[in-house]
Amino acid sequence: MSKNGQTQQFDKAAFQAAVEKHLTTTYAATVENATPRNWYMAMGKALAEISTGNLLATEQQLASEKARSVNYLSLEFLIGRLTGNNLISMGLYEDVAAAMEELGQNLTDLLEEERDPALGNGGLGRLAACFMDSLAAQEYPAVGYGLHYEYGLFRQSFVDGRQVEAPDAWRGIEGYPWEVVRPELTQHVSLYGHVEAYVDDAGNNCRRWVPGMTVEGIAWDLPIVGYGNNSVYPLRLWECRSSAPFNLSRFNDGDYVGAQYPALEAGNVTKVLYPNDNHDQGKALRLMQQYFHCACSVADILRRHLAAGNKIEDLAALETIQLNDTHPTIAIPELMRVLIDDFKMSWDQAWEICSHTFAYTNHTLLPEALETWSEALIQQMLPRHMEIIFEINHRFMLQVEKTWPGNNEVKRKLSIIQEGPQRMVRMANLCVVSTYAVNGVAALHSELVKRDLFPEFNELFPGRLTNVTNGVTPRRWIKYCNPGLSALISEKVGDDWPAHLEKIAGLEKFADDEAFQQRYMAVKKENKQRLADWINENMGIELDTNAIFDIQIKRLHEYKRQHLNLLHILSLYHRLLNDPTFDMHPRVFIFGAKAAPGYALAKDIIFAINKVAEKVNNDERLGGKLKVVFIPDYRVSLAEILFPAADVSEQISTAGKEASGTGNMKFAMNGALTIGTMDGANVEMREEVGDDNIFIFGLLVDEVQKLKNEGYDPYRYYHADSLLRAALELLNTDEFTPGHPGQLAAIRQNLLDGGDPYLVLADFADYVKTHEEIDAQYRDQKTWARKAILNTALMSKFSSDRSIRDYANNIWKLEPVKR
Ligand code: H53
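Residues numbered from 1 in each chain as written. Predicted model: local features only at pLDDT ≥ 70, side-chain atom pairs only at ≥ 80, totals over all residues. Heavy atoms only, no water.

**Q** Is there a simple way to think about the overall build of the protein chain in this case?
**A** Helix and strand counts for the protein chain come out as 33 helices and 22 strands. A globule of 819 residues ought to have a C-alpha radius of gyration of about 28 Å, and the protein chain, at 27 Å, matches this closely. Dimensions of the protein chain, computed from the C-alpha atoms along their principal axes, are close to 90 × 75 × 50 Å. Across the 819 residues that make up the protein chain, the buried fraction comes to 63%. Across the protein chain, every contact between residues at least 6 apart in sequence was considered, and the portion connecting residues at least 24 apart equals 77%. For the protein chain, the accessible surface area stands at approximately 29,900 Å², while carbon and sulfur atoms represent 50% of it. A gap of 2 Å separates the mean positions of the 82 positive and 109 negative side-chain charges of the protein chain. (Helix = DSSP H or I, 4+ residues; strand = E, 2+ residues; numbered from the N terminus. Rg over C-alpha atoms; globule rule 2.2 N^0.38 Å. Buried < 20%, exposed > 50% of the residue type's maximum accessible area, 1.4 Å probe, protein only. Contact = heavy atoms within 4.5 Å. Areas by Shrake-Rupley, 256 points an atom, 1.4 Å probe, with all protein chains shown as cover. Lys, Arg positive; Asp, Glu negative; His and termini not counted. Charge placed at Lys NZ, Arg CZ, Asp CG, Glu CD.)

Written as structure tokens, this is what we have:
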């Protein structure tokens, strides 16, 4: 590896020629009239030539070495912009900046032309993107499998404070420069129809699926470029198109089949990403997306395996398939079907392979997020798969009977089929029964999976349930997004920390060094200024960078408790106006969050924060002490400006509800201090940085459960706490919605008469008190700087490189393959 992590010679003249060639031949522009977007596209294409070459070479090497690899199946990959990050991974950032400068173009400006590929909703999709980055950086052979949505997560704007959604055509008209279509990898996917019995040539009784229709899966590859090496792995995204109509004419002669078709156009299948995070909606088209994704991916895994000259019997030895949540669960019966119906294996042979190939990551305990599909729907769309699921369950129930003879209660609980007026298939149960490993995503979460969600499974399959704590890639989330901090770190610990985050611990010894503290805080100030400039330019709000920047950015969900943050803001507003003795350091509260379009209360919370912001930001009486900013259309590229600019990170979910969180890690790496509950990965972050360097508040998991069991009464807190009462009552007036009293009352209503399901009121007082502590400590800048430095220094555990090594060593049994 040469300078800047560069792994191969950069031929500037050839690169410039390639850019100009794409400018003219691909985008029909001339050097004279090209727009910045033309230049960005042409540059992207020229760079993709390099990465595609390496992708093919990596593919070939792995096939010829018969390397064991992981297949990461996820319905979401929230990759964010690729160009800047790939330049860093290729070690070409400076060279390309210089080459483009000679062509009269500024690289930083060109990078702003890229739209975010928003092929995910939130934490789960972003985690998949960080994991791909870490697999490539450490050269663990991998393929990511996802969907090529035509429209990513909706774009959000605010109209009179209310969220409005617009479609996100992320590829634009010209297509995305980094993607390459692979027509030779096209798959055919069947749907609907029926199952028939037949006797094969050897006289065996067999069953086969007679599909009602077929669609085509087109593969698009995005390059996942390994940092500082020459490995490039594919993120393979499937696009659904309609097949030639031969199936229709072949199976359509009896009207009984035709009658089963819903009005379906194949193109609809991958049209749009479902915009729900942590919520199961149960729509038929979503099931179709899931099956389409799994059928294409399983077929491609088998194709690669066989094309490399391997035997089908050796599948589990050479391939492992990681299911990112239950969304790709249908891959399990799909592989069973292919092995039994197409490869003519016995059930036992097929099961032996399947149950040693799949592993499953659980990302949530929230009941509304645990997927179930109606048996009737699966039966109609995937009749052979429903048969296979029944058979898996039947054999599993025999096993349960052996362990707990005559215990119908435990059978009802563990069964893959949930009885009731509408029988449902529990996808998580199917996963636990059919995989060789099940992991939660943070230590606390994994304990709760064992203790509360799957205690009997844990007894039945000892050792199957484990933990892999989440992580984030330090390339994007420090090096790329925070160049000032990166330079400072490199100066102190050397420049190989992005690939070896353990090295960052070397900063610890500078935590008390005053000169270093000042430089560290100067970087923070610059990052705050960069954010303030963005906000001023895009929203017309002026901010003082001496204020505390207090940021909560994540999906909007009651359990994440943006409304607790809001109540705190209202309490400050109330005190500033009513208590002459009250003093506070100026504070800017910044939010970024999308609400699922059908989630009414979440949208009400957005509206309320926007309305409070309007009032507060223009209220002279507050003397500039309080500002509130809700940044519209929060996305990865904005996150890259927000994380480095934070002083305070809000991680305030009800204990037991946030499986891990990953934004919490990004904030802390970039030197924000966390105010958080004992939830998700906050618990492990506290272990790493120590109690003095994090602000923990609120009820613990067991206290939450105890309070609920005793019968939680929000009014108790309301009557006991006058500040809380004042904050809540503000929501009932027209203080923030002049002339329209009650427009914000739904939140108050939910917290009081709605029972406050996430215990906002119970945690309010401690939250306010902890914020007072933050206010006091911020005034002592040296102590604050020390704590911030220690947060950066002590976050190495939360590199996704470590997460991936945990998966590779403890679950996948995977070795790196160097190029
Ligand atoms: O997954 C993140 C966690 C986070 C959790 C999130 C998540 C989704 O974004 C969507 C569905 C789901 O079941 C879980 O809420 O706590 O950090 C990655 O593991």
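**Q** What is the right way to look at the sheet that holds strand S22 (residues 695–696) in this model?
**A** With parallel pairing, six strands are arranged side by side in an open sheet as S19-S18-S17-S20-S21-S22. Of all strands in the sheet, those bounded by a partner on one side alone are strand S19 (626–631) and S22. Relative to strand S21 (residues 673–676), strand S20 (residues 648–651) runs parallel, the two sharing four bridges. In the sheet register, Ser649 faces S21, and the bridge partner there is Thr674. Along the sheet, helix H32 (residues 781–793) contacts S20, S21 and S22; its crossing angle with S21, the most-contacted strand, is approximately 85 degrees. (Pairing = 2+ DSSP bridges. Axes fitted to C-alpha atoms, helices over the stretch in contact; angles between N-to-C directions.)

**Q** Just checking my understanding: could you explain the packing of aromatic side chains for this structure?
**A** The relative placement of two aromatic rings is captured by the distance of their centres and the angle of their planes. Taken as a whole, this structure holds 24 aromatic pairs when the rule is applied. Ring plane angle 20 degrees and centroid distance 6.3 Å describe the contact between Phe695 and Trp784, whose orientation is recorded as stacked. Highlighted residues: Phe695 in strand S22 and Trp784 in helix H32, separated in sequence by 89 residues. One aromatic cluster is present, formed by Tyr72, Phe77, Phe131, Tyr807 and Trp812 through successive ring pairs. A cation over an aromatic ring shows up here: Arg162 above the ring of Phe607, its NZ or CZ 3.7 Å from the ring centre. When the ring centre of Tyr198 is taken as origin, the NZ or CZ atom of Arg208, which lies over that ring, is 4.0 Å away. (Phe/Tyr/Trp six-rings, centres within 6.5 Å; stacked < 30°, edge-to-face > 60°. Lys NZ or Arg CZ within 6 Å of the ring centre and 35° of its normal.)

**Q** What am I meant to see in the UniProt feature "modified residue: N6-(pyridoxal phosphate)lysine" (unreviewed entry) in the protein chain here?
**A** Mapped onto this numbering, the UniProt entry gives "modified residue: N6-(pyridoxal phosphate)lysine" (unreviewed entry) at Lys666. Mapped onto the elements of the fold, Lys666 is located in helix H25 (residues 663–669). Once residues within four sequence positions are removed from consideration, Lys666 is found in contact with Arg126, Val472, Trp477 and Phe643. (UniProt positions renumbered as here; feature names shortened; annotations may be inferred.)

**Q** Would you take a moment to explain helix H2 (residues 36–64) for this structure?
**A** Since the α-helix turns once every 3.6 residues, residues separated by three or four places project in the same direction. The end-to-end C-alpha distance of H2, which contains 29 residues, comes to 42 Å, matching closely the 42 Å that a straight helix rising 1.5 Å per residue would cover. Immediately beyond the C-terminal end of H2, within one or two residues, lies Lys66, with a positive phi of roughly 50 degrees. (Expected span 1.5 Å × (residues − 1).)

**Q** Which parts of the structure should I look at to understand the pattern of salt bridges?
**A** Opposite charge on two side chains allows them to pair when their charged atoms are near. Within this structure, the stated rule accounts for 63 salt bridges. The salt bridge partner of Arg303 is Asp300, with a shortest N-O separation of 2.9 Å. Residue Arg303 and its partner Asp300 are both found in helix H9 (residues 284–307); the two are separated by three residues, about one turn of the helix. The network of salt bridges with common partners includes Glu59, Arg182, Glu184, Asp221, Arg236, Asp300 and Arg303. (Salt bridge = Lys/Arg side-chain N within 4 Å of Asp/Glu carboxyl O.)

**Q** Help me understand the environment of Glu139, please; the structure alone is not making it clear to me.
**A** By secondary structure assignment, the location of Glu139 is in the loop between helix H6 (123–137) and strand S2 (142–147). Between the C-alpha atoms of Glu139 and Asn230, which are 91 residues apart in sequence, the distance is 9.1 Å. Those residues within four positions of Glu139 in sequence are excluded, and the remaining contacts are Asn229, Ser231, Tyr233, Glu815, Pro816, Val817, Lys818 and Arg819.

**Q** I'm lost on the site of the ligand in this one. Help?
**A** Around the ligand, the structure places 15 residues, and the nearest of them are Asn278, Asp325, His363, Glu658 and Gly661. One nitrogen or oxygen atom from the side chain of Tyr559 is found 3.2 Å from an oxygen atom belonging to the ligand. Relative to its unbound accessible surface of 430 Å², the ligand loses 96% to contact with the protein. Its residues placed into classes, the shell around the ligand shows five nonpolar, seven polar and three charged. Lining the shell around the ligand are residues from two domains, each supplying at least three of them: domain 1 (66–81 + 116–469 + 804–812) and domain 2 (474–798). (Near = heavy atom within 4 Å. Polar contact = N/O pair within 3.5 Å; in protein donor to acceptor, adjacent residues only side chain to side chain. Nonpolar A, V, L, I, M, F, W, Y, C, P; charged D, E, K, R; others polar. Domains from an automatic or database assignment.)

**Q** I'm lost on the packing of helix H17 (residues 443–453) against helix H27 (residues 701–710) in this one. Help?
**A** Between two packed helices, the angle of one axis relative to the other and the distance separating the axes together describe the packing. Where H17 meets H27, the axes come as close as 12 Å, and the angle between the chain directions of the two elements is 45 degrees. Between H17 and H27, the interaxial angle falls into the category oblique. Mapping the contact onto sequence places Leu444, Leu448, Arg451 and Asp452 in H17 and Val701, Asp702 and Gln705 in H27. (Parallel < 35°, antiparallel > 145°, perpendicular 65-115°, else oblique.)

**Q** Could you clarify how one ought to interpret helix H26 (residues 682–689) in this entry?
**A** For H26, the complete set of buried residues consists of Asn682, Val683, Glu684, Met685 and Val689. Elements that come into contact with the buried residues of H26 comprise H17, S20, H25, S21 and H32. Downstream of H26 by a residue or two, Gly690 has a phi angle that is positive, lying close to 85 degrees.

**Q** Would you mind going over the sheet that holds strand S13 (residues 417–418) with me for this structure?
**A** Hydrogen bonds between backbone atoms are what pair the strands of a sheet, whose relative direction is either parallel or antiparallel. Ordered in space as S12-S14-S13, the three strands form an open sheet in which the pairing is antiparallel. The open sheet has two edge strands, strand S12 (372–374) and S13, and neither has a second partner. Relative to the sheet, helix H16 (residues 427–434) contacts S12 and strand S14 (424–426), its axis offset from that of S14 by approximately 45 degrees.

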